[in-house]
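Chains, contacts and geometry: an overview
Chain by chain, the residues:
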Amino acid sequence: MNKIIKKLLNAVGIDTRKKITLVHYPDKRLSQRCKEVERFDDDLLHAAQAMVNLLGMLPWGTPLGLAANQAGLNIRMFIKRESVKGKPGYVAYVNPAIIWKTKAPEVESLEGCYSLVPGRFDYPNMRTPSIQLEWQDLEGNFYRDRFNGEEAIVIQHELDHLNGILCNGSGRAVSGT
């Protein structure tokens, strides 16, 4: 599509960017470390919105999060379900990094994964119950906060994805069994 037609279509509200779909194991994009986000622009905002839209179309479970590589995007961003201004919603975490972990013992977490077997929520993982995270928002602003319990577990699960690790309990991709 030439640039003039693309500009005209975008000007009247027709999005010409690539649609995203859920990536399933054994797609090699799931086993690669995602790249840092350097540009905070409309493309990043579109990617985040497309990921939220994808979550709304998933056929099973209640999605708590989605990593960008699960949507075929090679960027360090995940979307996490949380309350936004008192209403259920999703928040984007860009270039996230755990900067502190509690010394408390790890806890076992039984997890599901949209890139693995549908409807399965019994992949065992040991997770740190309390973490401190640094990240950026979709405009590039920096944040730092502490997360505990389920929130800490979801963040660690999504960060594993961004680092090319699936939740099979051993840190290696599984065949779906």
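Computed from a prediction, not measured in an experiment: that's the story for all the values here. Per chain, the residues get numbers from 1 upward, laid out in the order the sequence is written. Where local features are concerned, this predicted model is filtered to residues with pLDDT of at least 70; where side-chain atom pairs are given and counted, the filter is 80 or more; whole-chain, interface and lining totals use all residues. Side-chain figures throughout are based on the complete set of non-hydrogen atoms in the structure, without hydrogens or water.

Turning next to the confidence of the model for the protein. Scored between 0 and 100, pLDDT is the confidence that the predictor attaches to each residue. Across the protein, pLDDT averages 87, with 85% of residues at or above 70. Pairs of residues are marked as contacts when any of their non-hydrogen atoms sit within 4.5 Å. Note on residues 4-9: pLDDT is under 50 here. Beyond four places in sequence and across chains, it has five contacts. Within the model, pLDDT remains below 50 along residues 169-177, and this stretch shows 17 contacts once partners closer than five positions in the same chain are excluded.

Once that is clear, we can look at the sheet that holds strand β1 (residues 65-67). The rule for pairing is simple: two strands pair if DSSP sees at least two bridges between them. The numbering of helices and of strands both runs from the N terminus, where a helix is a DSSP run of H or I of at least 4 residues and a strand a run of E of at least 2. Taken together, five strands build an open sheet; the order of strands is β1-β2-β3-β6-β7 and the sheet is antiparallel. Here the strands that pair on one side only, and so sit at the sheet edges, are β1 and β7 (142-148). In this sheet, adjacent strand axes meet at a mean angle of 40° when their direction is disregarded. Packing against the sheet, helix α2 (residues 42-57) makes contact with β1, β2 (77-84) and β3 (87-101), and its axis sits at approximately 65° to β2. Helix axes are fitted to C-alpha atoms over the stretch in contact, other axes to C-alpha atoms as well, and angles between N-to-C directions run from 0 to 180 degrees. Sheet strands in contact with helix α3 (residues 149-162) are β1, β2, β3, β6 (130-136) and β7, and its direction is about 160° off that of β2.

Turning to α3, a few remarks are in order. Any helix carries an expected span of 1.5 Å times its number of residues minus one. For α3, with 14 residues, the first-to-last C-alpha span of 20 Å sits near the 20 Å given by 1.5 Å per residue. In this scheme, a residue with accessible area under 20% of its type's maximum is buried, one over 50% is exposed, and one in between is partly exposed, where area comes from a 1.4 Å probe on protein chains only. By the criterion of burial, α3 is predominantly enclosed, with 11 of the 14 residues buried.

Let's shift gears to the pairing of β7. Two strands pair when backbone bridges link them, and β6 and β7 are joined in this way by seven bridges, in the antiparallel orientation. Each bridged residue has a counterpart across the sheet, and for glutamine 136 the counterpart in β7 is phenylalanine 142. With antiparallel pairing between neighbouring strands as the criterion, β6 and β7 make up a hairpin whose turn holds five residues, including glycine 140 at a positive phi of roughly 95°.

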